[in-house]
Amino acid sequence: MTDQPGSGLPDNVDVAEARLAASVILLRDTPSGLEAFVQHRVSTMDFAAGMVVFPGGRVDPADHSGWDYAPELLSRHAADWQASSIGSDDAAAKAGMVLTAAIREVREEAGLSIDAGDLRPWANWITPIDMPKRFDTFFYVARPSTDREPHHQTTEAWQSLWMPVEGILAAEAAGTLKLMPPTYYLLKEIAGYGTVDAVWSADHPVVPVLAPVGSLVAFLKERESRR
């Protein structure tokens, strides 16, 4: 915990450290449009309870070593993350660490082994400093091989499934499911591309997002008022 004077919080309020995390937006094309693989989290979780999220989780100590990615892939990822908290010293090694966490989380939560080359760095969101549990989350878009299918196998969610991106947004607008701000804004952005190839080939620099104090509470309160 570190004190953050000038942050918008009282001087005697400590700010929780943002733990490194990785999340993967698995995408596929269908005749009716883009679909994403999402998980409906159980209501008893201490973070994002009852929310619809992408597979992912915190970076674990085991992710720091033991991998052997192509140097050119790590260089590309390090360049993509250059504006983030892992973009300075040992950037390639840190890119490998976060990539390993992403691949591991997809395997553990969705039973899917995904190749490193099928993930592209896409976004970096940091939980606002007024929240008691915070993550510095590195989001990837991914195009898994068509002969590999994710499935539901995590106890943190009561169901996991492919859903139309536009359908998720429509259900959120109707109040029948809940999204955290990163999930909402990333899905809105991805919906504009229309196809997996368009997402994959997009000119999309990663610009870290640290939302201001009070923004998460305001976002959830505004959504709740429409239900």
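Just above sits the structure.
This is a predicted model, so every value here is computed, not measured.

Conventions adopted
Residues numbered from 1 in each chain as written. Predicted model: local features only at pLDDT ≥ 70, side-chain atom pairs only at ≥ 80, totals over all residues. Heavy atoms only, no water. Salt bridge = Lys/Arg side-chain N within 4 Å of Asp/Glu carboxyl O. Buried < 20%, exposed > 50% of the residue type's maximum accessible area, 1.4 Å probe, protein only. Helix = DSSP H or I, 4+ residues; strand = E, 2+ residues; numbered from the N terminus. Phe/Tyr/Trp six-rings, centres within 6.5 Å; stacked < 30°, edge-to-face > 60°. Contact = heavy atoms within 4.5 Å. Axes fitted to C-alpha atoms, helices over the stretch in contact; angles between N-to-C directions. Parallel < 35°, antiparallel > 145°, perpendicular 65-115°, else oblique. Left-handed = near helix turned anticlockwise from the far one by under 90°. Nonpolar A, V, L, I, M, F, W, Y, C, P; charged D, E, K, R; others polar. Pairing = 2+ DSSP bridges. Core = buried A, V, L, I, M, F, W, Y, C linked by side-chain atoms within 4.5 Å.

Caption draft 1: Molecular detail of the pattern of salt bridges. Scanning all chains against the criterion turns up 8 salt bridges. A salt bridge links arginine 58 to aspartate 60; the nearest nitrogen and oxygen atoms lie 3.6 Å apart. With relative accessibility at 43%, the residue arginine 58 sits in the partly exposed group. The closest approach of N and O atoms between glutamate 108 and arginine 104, which form a salt bridge, is 3.1 Å. On the criterion of helical spacing, the pair formed by glutamate 108 and arginine 104 is a turn pair, its members being 4 residues apart in helix 2 (residues 91-110).

Caption draft 2: Quick peek at the packing of aromatic side chains. A complete count under the given rule lists 10 aromatic pairs for this structure. Ring geometry for tryptophan 125 versus tyrosine 185: centroids 6.1 Å apart, planes at 10 degrees, classification stacked. Taken together, the residues tryptophan 125 in strand 7 (residues 119-126) and tyrosine 185 in helix 4 (residues 181-191) connect sequence positions 60 residues apart. On the basis of relative accessibility, which here comes to 41%, the residue tyrosine 185 falls in the partly exposed class. Taking 5.0 Å as the distance between ring centres and 75 degrees as the angle between the ring planes, the aromatic pair formed by tyrosine 184 and tyrosine 185 counts as edge-to-face.

Caption draft 3: Representation of the side chain of aspartate 63. Looking at the secondary structure, you find aspartate 63 in the loop between strand 6 (56-58) and helix 1 (71-80). Those residues in contact with aspartate 63 that lie beyond four places of it in its chain are Arg58, Met97, Thr100, Ala101 and Arg104.

Caption draft 4: Focus on the packing of helix 3 (residues 165-174) against helix 4. Contact geometry of helix 3 with helix 4 gives a least axis separation of 9 Å together with a crossing angle of 135 degrees. When the interaxial angle is binned, helix 3 and helix 4 end up oblique. Remark: the crossing between helix 3 and helix 4 carries left-handed chirality. Facing helix 3, whose interface residues are Val165, Glu166, Ile168, Leu169 and Glu172, helix 4 presents Tyr184, Leu187, Lys188 and Ala191. The residue inventory of the contact of helix 3 with helix 4, partitioned by class, reads 6 nonpolar, no polar and 3 charged.

Caption draft 5: Fine view of the pairing of strand 3 (residues 18-30). Bridge count between strand 3 and strand 8 (residues 134-142): 9 bridges; the pairing is parallel. Along strand 8, the bridge assignment pairs isoleucine 25 with valine 141. Taken together, the 3 bridges between strand 3 and strand 6 define a ladder with antiparallel strand orientation. The residue bridging alanine 21 from the neighbouring strand is arginine 58, located in strand 6. With 4 bridges connecting them, strand 3 and strand 4 (residues 33-41) associate as antiparallel partners. Within strand 4, the residue paired with leucine 27 across the bridge is alanine 36.

Caption draft 6: How the structure looks around the nonpolar core. One finds Leu26, Leu99, Leu119 and Tyr140 to be the most contacted residues of the largest nonpolar core, which totals 30 residues. Looking at this core, the elements that each hand over two or more residues are strand 3, helix 1, helix 2 and strand 8. Residue contributions to this core peak at 10 residues, all from helix 2. Not counting chain neighbours up to four residues away, the residues in contact with leucine 99 comprise Tyr69, Leu73, His77, Ala116, Leu119 and Tyr140. Counting 29 residues, the second largest nonpolar core, distinct from the first, contains Ala36, Phe54, Trp125 and Leu187.

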